[in-house]
Structure formats: structure tokens, C-alpha cells
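Examination of the molecular architecture
Listed here are the chains, written in short residue letters.
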Amino acid sequence: MKKHWKTKLIHSDASVPEGFRSLDTPIYRASTTLFRDAASVTDAWDQYESGYTYGLYGTPTTLTLAARVCELEGGYRTIITPGGQNAIALINFALLRAGDHMLLPESVYGPNRKLGNDVLRRFGVEVSYYNPTVGPAITDRMQPNTRLVWCESPGSISMEVQDVPAIANAAHAAGALVAMDNTWSAGVFFDALAYGVDVTMQALTKYVGGHSDLLLGSVTTKDKSIYQSLGAAHQLLGAAASPDDCSLALRGMKTLAVRLERVEKSSLTIARWLAARPEVERVLHPALESCPGHELWQRDFTGSSGIFSIVLREGFTKEQVLSFVNSLELFKIGYSWGGVTSLAVAYDFGHYKNRASYDHRIVRLNIGLEAVEDLITDLEGALHSLNPS
Ligand SMILES: Cc1ncc(COP(=O)(O)O)c(C=O)c1O
């Protein structure tokens, strides 16, 4: 067909040499995905079964990231979501229905709790909470309608390490499934699916992304029927992840091991240094004995990452704790973690019922890739400012 230049803009006959090879996964952006012929048009979501049908269900870039996460976590399939919180929501919407009961640890990531309280309850799901260190005694919290038990280990901010295999055994015995937020371990330091978890999620935003510049989540399962439920919910929630972000996450993944090695080492050095400071009452780092559940971390984990908390000594006022954080120069103040920049955020546990009584004295640190001696100097200066001479 002879084409007008305007048509050529859309339907070009220009060509480039074939055979290009590089080390990276190309970024395939797409909403529309082309079908071979009119009869093969289908809106099926499982691209492994149907071939590519629509960008929402993943382009080769998205599915490559999914497959790579799945390989690391030892799953059957992984679904990529537009953020970690969306991965949590996907699990809940896929696996729960009105009349079901869900159990969350008191130490669960705040928005997971809020989703249960503010949204799922509106849809008839019963939500209750358990002490994260309960272990096998979670049996006592199971109800005939308990369908889903969440674990997050270590817990958000207060860092309690959970007896996940014991909780999984008890949940399964009562006919419930177990979901786990495995973000802290970057999906590599704790083999959740091998320890009995049915479905894991990670905020890839943190360590896999690794540079504080993207939001992505992953949901992984070993179970084909759970995957079917997740895929169907993912389709209807329309939780499309950006292939550009997936490309960044694939790049981040290549350096995950070296970044983790470095933040693990720096964090341990800093955690031990802080534990010896008179201003610090307790260091909540799973690799230190002062952390609740430390022995479970030793038993079940193969490493530790770079986010942990400190509890300042009793007697320091909230203003003093905030001014400690404000005095830090290298540690920046901001949410999210797992990036290359060290961060500090003060929390007030006075607002939470049933959580450890650390009041306003708990500060969470994210250790980045700066020189560890500079980070210690920064902390030393800020701690010093707590002790007016
Ligand atoms: C433990 C945990 N899970 C999930 C999330 C949610 O991830 P995102 O920020 O990608 O939604 C966060 C974010 O801070 C988190 O700390």
C-alpha cells in the first residue's frame, strides 16, 4: 500500500539490523498487545496459558521480573504489583470473603492493619490481632472461620522475630492459609515458602529496587490454585505495574547481593556500637540478643538486612527524641527503606494499643551505603546533643 506520511508515522516500513544482544531485559511498554487474528482475541489474564493478551497482565519486562523473584523465592509463580501495599491488598482481596476471619500480628506494617480495619471489615471480614511472639499458642486464636493468618518477621518498627513454622503448622491444622510480608529479608534471608508459608509478598520498593526511586510489589506462591485466585483478583483490581519500574527493579536485582552484604555488615557494626551507648536502652536488631525472638532469627534466617530500631533510655522526652533525629546530618528523615541513603524516623508507640511499651522513645534506622565510620560519627554527634553539659 502506498502510504501518506501521516500513516507512515504510525505504520512504518523502516528497519534496523537484526541480531542485537545486550545484557539487559528490554523495556516493553504496552497496554495494547496484538493478537494473531480475530479469532484469537481473548481477555485471559494468565499469559503463560494464553500468550500475551493485554499489558495489564504483564509485558515480557514485567514477567521477567516476576520470574526472577519467583526463582529466588522458590515459588510456582509471582505476580508483580504497583507497590508493596498493593501486593498486601491483592492477597487479601484474592483469599478472603465476607464471613472469613483474618489474623494479623500486632507488629504488622501499619497500612496492612488499616486495610483490614477500614476496608475489609466493611466487606464483612472479621479482623483480629495476635501477639507476634505467640508462636504455637496461636492455636488458641484460631476460629472456625479463620481463613488467613498473616506473618511479618521481623515486625515493622518493633522488629519481633516470629516462629513462622509453628504459626504455619497451627494455621494449617485449623484449615487457614498463611501469608507473609517477607520484605525485611529481601526474599532471600528467610525461605518463607519452605517454612510453610502459602503466599509471600515483598515490597520490591525496598531492597530489590534498592535506590528509593520506584514502587513495586511481588506476590509469590507455590500453590497453583492460590495463583489462580491471585491472578483473577489482579485482573479485576487492575493492578498494573509499570514496565519502566520493573526494568529498574531488574537492574537493582543484579546488585542485591553486594548491597545486602554491605548493609548487613554496616548495620551490625552500628547496632553493636549503639548497644554500648548509655543513651540507648535497647537495640531491636534481630541479630542482637536484645531483640525479641533473636533465637528464632538464628534458627531460621541466613542473614540480616539494614533496617532496625533503637529505644532511647527512659526519661528522654519526645522533644529530645525528635531533636536527636533532627540533629543527624547523614541520616535523612523519610519513609521507605532499603535504598542507599541512611534514614531515621522516630515513632510514638504511645498511639498503639497492645504493642511493646516503647512510647515515644523508638527510632527506626535504615542503614545505607555510606562509610560506616561516618554514620557512627553522625550518630555520636546526635546522641551527644541529648546530653546537655
Ligand atoms: C514491611 C513493609 N511492607 C510493605 C510496605 C509497602 O510497600 P510500598 O511502599 O511499596 O507500598 C512497606 C513500606 O514501607 C513495608 O515497610
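Just above, that's the structure.
Now for a quick tour of the structure.

Thresholds applied
Residues numbered from 1 in each chain as written. Predicted model: local features only at pLDDT ≥ 70, side-chain atom pairs only at ≥ 80, totals over all residues. Heavy atoms only, no water. Pairing = 2+ DSSP bridges. Helix = DSSP H or I, 4+ residues; strand = E, 2+ residues; numbered from the N terminus. Axes fitted to C-alpha atoms, helices over the stretch in contact; angles between N-to-C directions. Contact = heavy atoms within 4.5 Å. Expected span 1.5 Å × (residues − 1). Buried < 20%, exposed > 50% of the residue type's maximum accessible area, 1.4 Å probe, protein only. Arc of directions from axis to C-beta.

This brings us to the sheet that holds strand β10 (residues 343-347). Read from one edge of the open sheet, four strands run β8-β9-β11-β10, paired in antiparallel fashion. The open sheet has two free edges, formed respectively by β8 (280-284) and β10, since each of these has just one partner strand. Geometrically, the sheet is characterised by an average inter-axis angle of 20° between neighbouring strands, direction not taken into account. Relative to strand β11 (residues 362-366), β10 runs antiparallel, the two being bridged by five bridges. Paired with Ala346 across the strands is Val363, a residue of β11. Those strands touched by helix α9 (residues 256-275) are β8, β9 (307-312) and β11, and its axis lies near 10° from that of β9.

This part covers helix α12 (residues 372-384). Residues lying three or four places apart along an α-helix face the same way, a consequence of the helix completing one turn every 3.6 residues. Along its 13 residues, α12 runs 18 Å from first to last C-alpha, staying within 8% of the 18 Å computed at 1.5 Å per residue. For α12, the full list of buried residues reads Leu375, Ile376, Asp378, Leu379, Ala382 and Leu383. Down the axis of α12, the buried set is contained in an arc of 160°. They therefore lie on one face. Exposed positions of α12 whose direction lies more than 90 degrees from the buried face are Glu373, Thr377 and His384. The inward-facing, buried residues of α12 abut α9, β9, α11 (318-327) and β11.

Moving on, we get to the pairing of β9. In terms of residue burial, β9 counts as a mostly covered element, since six of its six residues are buried. Going residue by residue along β9, you find Ile307, Ser309 and Val311 tucked away on one face and Phe308, Ile310 and Leu312 tucked away on the opposite face as well. As paired strands, β8 and β9 are joined by four bridges and run antiparallel to one another. Residue pairing in the sheet places Val283 in a bridge with Ile310 of β9. In terms of strand pairing, β9 meets β11 through five bridges, oriented antiparallel. The partner of Val311 across the bridge, within β11, is Ile362.

Extensive coverage of strand β6 (residues 199-203) is indicated by the burial of five of its five residues. Burial along β6 is two-sided: Val199, Met201 and Ala203 facing one way and Thr200 and Gln202 facing the other are all buried. Where strand β5 (residues 177-181) and β6 come together, three bridges link them in parallel fashion. Directly across from Asp181, in β6, lies its bridge partner Met201. The pairing of β6 with strand β7 (residues 217-221) spans five bridges and is antiparallel. Bridge pairing in β7 links Thr200 to Thr220.

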